[in-house]
Structure formats: structure tokens, C-alpha cells
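Observations on the three-dimensional arrangement
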Amino acid sequence: MFGLKSDPSTELPERYFSLEDYEGGVARWCPGCGDLGVLTAVQRICRAEQLPPEKVVCVSGIGCSSRFPHYVGTYGFHGLHGRPLPVACGIKSRRPDLTVWVATGDGDCCSIGAGHWIHALRYNMDMVVMLFDNSVYGLTKKQTSPTTPQGMSTNTHPSGAWLPPLDPLTAMLGMTNVSFLAQTVDWNPAHLHATLAAAYRHKGLGFVRILQRCPTYSAGVFEDLQRDPSRLLMLTGPRGIQVEPAIANMFPNKREHDPSDLGTARAICEAHDPVPIGLLFQDESRPCYDAFTNHGLGMPTADKVAALEKELDRFTV
Ligand code: SF4
């Protein structure tokens, strides 16, 4: 009968999301910029997981990669320099049902945003954080960033960067409550996709450092790694990033690694050469702060007001 739930004419068609559903504005990155591949990978993961676009938020700070939310057909927040992580944590606190992708650069995350970086890792809220590391401030036209190689000429250090670069991997392996840490490269789409998908599936903060090409301002930084894949060390193993054999065969240097072994992860990263790609560390037993901040979300308004009144009464004199 008309109007009954069993009447097929009243049932909404099941939604299917295509790649176009996750497309936003036309990307205005330079031709050959590594950010383009990361954008495609995230859109493909959203489609594979059939995430309703209105249930996804992309959050960023400031920098070339931070234009990311404009190019994804979901909710987005393009915020202040160095501040994407507190915004993302706030979103996750109030809306645990949303999938949160954070796009941040080496300057945004590891310099002005470093304080937030440390604490967001400690909070370990369920989200994916993508560090687009191109070793330079690209948006402001080639200034030295925390990860600029020593000796590289930039506009702020024309005779070469003075200090040794900060290594985000070794730094994070020393941070409290880190639960997922991986590294990948933008020029291998299959490994990039598999790494981001693993971070998405991780329960907690999945942090992925992406070695990202900037052909405009730091073209030479990853050139050797691209030309000679033996400079990369692919981490393998049953708990690692899984790729097809044809992709794995592209990397002659491999090492089986147990991502629960923090000490070995540190040793691999500290060696610097070869450069590791894959899952360095994972521990899903680490506490997630959103499990605490989500308490009381479904509380009726009257109960919230009563709880507030009770708190205010504590200060009655
Ligand atoms: Fe990409 Fe570099 Fe161009 Fe920025 S300046 S859009 S990082 S290639």
C-alpha cells in the first residue's frame, strides 16, 4: 500500500559515489607538483570506501599543499598557518562521525605548528594527517624550511641552508603516544595510495610523511631517489603496507619490518640512507583522546543545562 515502508516506490535509492563526487575546484598547483597525486589518492580512497562527501572534512593550514580542501568536494577548513591540527582535533571532538583528512606542509607542521604537532600526536584522535614535505616554503617562493637540506640555496639562505634539517620521522618516534607513522613518495601512486589507505583504516592518528616533489623550487631534492630506487628502503612484512608484487619489484632494496618494534624503526630512520618507505610504527592500543572528549555528546539539552548549573553552583559564595 502507498505510504507503507514496504512500498518500494517510497524507498530512497541507495547512493553511489563516483570520483566526481569528491572533486572540488580546479587545482592551481604548478604542473608536475606532487600535491596533485596526493589529491587523486585521497579522492580514490573516499570513493573506494564510499564515504558520503558530507561526512568528510579536509583541514589545512597555510602553504601550497594547504590549498587541498578547495580541490575536494567535501567539507573543508583552510585555516591559519600552523593551526590545522587544533582545528581537526576540535572537529573530531564534536563530530566523531566525520572522516578527517589533514593537509599540512613541512613549514606549516614542523615550524610554526610544531607545538600543535606534538600535542595532536599525543591526543591521537582518529584522523589522517598528511605531511607534504617538499623541503621548502613553496608558497612564499623558496624560503628555508625546517626540512631544507643543509647547503641548499634558498631565498633566505642564498649561500646554502646553515643548519642540518629536522627529521620529522625521528622526531615523531620520540613523541608521546604516537600510534601510526609511515612514509611514502608522491611519485609512486600505488605505494602512496596503499599508505594513505592504511592510515585511514588505522584507529587513531595516522601520520603519513609524503616526500613531495616541488619542481618549481626544490626540484633537485628528491631527484636522486626518483632516478635510483635503490636509494629507497621499502619496508615489508605482513603488518606493513601491502602493494602488488609488480610495484614491490620496483624497489630493489627491501627489509622486513615489524611495525610494533619502535627501537628498530628509530634505527632505520636514523640511518637516513637508504630512505625508508612504508609503515615504520603502529600501535593501536594507544589511548585516543576522542574517546574521552566524545563523552556526553548525545546528552539531552535539559541534562546539559542541569550539569552546567551544578558546575556553576560550585562557585557560589
Ligand atoms: Fe607545488 Fe612547488 Fe608549485 Fe607549490 S611551488 S604548487 S609545492 S610545485
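Calculation criteria
Residues numbered from 1 in each chain as written. Predicted model: local features only at pLDDT ≥ 70, side-chain atom pairs only at ≥ 80, totals over all residues. Heavy atoms only, no water. Helix = DSSP H or I, 4+ residues; strand = E, 2+ residues; numbered from the N terminus. Buried < 20%, exposed > 50% of the residue type's maximum accessible area, 1.4 Å probe, protein only. Contact = heavy atoms within 4.5 Å. Axes fitted to C-alpha atoms, helices over the stretch in contact; angles between N-to-C directions. Parallel < 35°, antiparallel > 145°, perpendicular 65-115°, else oblique. Left-handed = near helix turned anticlockwise from the far one by under 90°. Nonpolar A, V, L, I, M, F, W, Y, C, P; charged D, E, K, R; others polar. Core = buried A, V, L, I, M, F, W, Y, C linked by side-chain atoms within 4.5 Å. Expected span 1.5 Å × (residues − 1). Pairing = 2+ DSSP bridges. Near = heavy atom within 4 Å. 1 Å grid on protein atoms, 1.4 Å probe; cavity = no way out; pocket = protein on both sides within 12 Å on 5 of 7 lines; lining within 4 Å. Sits in = over half its atoms within 2 Å of the grid points. Phe/Tyr/Trp six-rings, centres within 6.5 Å; stacked < 30°, edge-to-face > 60°. Salt bridge = Lys/Arg side-chain N within 4 Å of Asp/Glu carboxyl O.

Topic: the environment of Val72
- The residue Val72 is located in the loop between β1 (56-60) and β2 (75-78) in this model.
- Val72 gets classed as buried once you look at its relative accessible area, which sits at 4%.
- Expressed as a C-alpha distance, the spacing of Val72 and Val87, which sit 15 residues apart in the sequence, is 18 Å.
- Sequence-distant contacts of Val72, that is, excluding residues within four places in its chain, are made with Tyr22, Glu23, Gly24, Leu39, Gln43 and Cys58.

Side note on the packing of helix α1 (residues 35-48) against helix α6 (residues 189-201)
- At a closest axis distance of 9 Å, the pairing of α1 and α6 adopts a crossing angle of 50°. Considered as vectors, α1 and α6 are oriented oblique to each other. Read as a crossing pair, α1 and α6 show a hand that is right-handed. Across the interface between the two elements, Gly37, Val38, Ala41, Val42, Arg44 and Ile45 of α1 pack against Leu192, His193, Leu196, Ala197 and Tyr200 of α6.
- Partitioning the contact of α1 with α6 into residue classes produces 8 nonpolar, 2 polar and 1 charged.

Some points on the environment of Leu279
- Relative to the elements of secondary structure, Leu279 occurs in strand β9 (residues 275-282).
- Spatially, the C-alpha atom of Leu279 lies 28 Å from that of Phe77, the residues being 202 residues apart in sequence.
- Apart from the residues within four sequence positions on either side, Leu279 is in contact with Phe180, Leu181, Ala182, Leu235, Arg239, Gly240, Ile241, His257 and Pro259.

Some details on the nonpolar core
- Ranked by internal contacts, the top residues of the largest apolar core, which has 34 residues, are Val102, Trp117, Leu121, Met127 and Phe207.
- Ignoring anything within four residues of it in the chain, the contact list for Val102 reads Val59, Pro84, Leu85, Ala88, Met127, Val128, Val129 and Met130.
- If you look at the next biggest cluster of nonpolar residues, it comprises 33 residues, including Cys33, Ala194, Leu196 and Ala198.

Thoughts on α1
- Over its 14 residues, α1 extends 20 Å from the first C-alpha to the last, a length consistent with the 20 Å expected when each residue adds 1.5 Å.
- When α1 is considered as a whole, its buried residues turn out to be Asp35, Val38, Leu39, Ala41, Val42, Gln43, Ile45 and Cys46.
- For α1, the secondary structure elements touched by its buried residues are β3 (99-105), β4 (127-133), α6 and β6 (205-211).
- Just beyond α1, the residue with positive phi is Gln50, at close to 50°.

Description of the pairing of strand β5 (residues 180-185)
- Within β5, 6 of the 6 residues are buried, which leaves it mostly tucked inside the rest of the structure.
- Judged by which residues are buried, β5 turns out to be covered on both faces: Phe180, Ala182 and Thr184 on one side and Leu181, Gln183 and Val185 on the other are all buried.
- One ladder, built from 4 bridges, connects β5 with β9; its direction is antiparallel. Residue Phe180 lies in a different strand from β9, and its bridge partner there is Gln282.
- Judged from the 5 bridges that link them, β5 and β6 form a sheet pairing that is parallel. Counterpart to Thr184 in the pairing with β6 is Ile210.

Some details on the site of the ligand
- Within the structure, the ligand sits among Trp29, Cys30, Cys33, Cys64, Asn134, Gln212, Cys214, Pro215, Thr216 and Tyr217.
- Of the pockets mapped on this structure, the ligand occupies the second largest pocket.
- Looking at the shell around the ligand residue by residue, the classes come out as 7 nonpolar, 3 polar and no charged.

Remarks on the packing of aromatic side chains
- Throughout the structure, instances matching the rule amount to 7 aromatic pairs.
- With a centroid separation of 4.8 Å and an interplanar angle of 85°, the aromatic rings of Trp29 and Tyr71 are classed as edge-to-face. Placement of the pair is Trp29 in the segment before α1 and Tyr71 in the loop between β1 and β2, with a sequence separation of 42 residues. Per residue, the accessibility class of Trp29 equals that of Tyr71, and both read buried.
- Following the ring pairs from residue to residue traces out a cluster consisting of Tyr123, Tyr289 and Phe292.

Description of the pattern of salt bridges
- The final tally for this structure, using the stated rule, is 12 salt bridges.
- Measuring nitrogen to oxygen at the nearest pair gives 2.6 Å for the salt bridge that ties Asp186 to Arg213. Separated by 27 residues along the polypeptide, Asp186 in the loop between β5 and α6 and Arg213 in the loop between β6 and α7 (223-227) bring together distant segments of the chain.
- A relative accessible area of 4% places Asp186 in the buried class.
- Of the charged contacts in the structure, one is a salt bridge between Asp224 and Arg231, with a shortest N-O distance of 3.6 Å.

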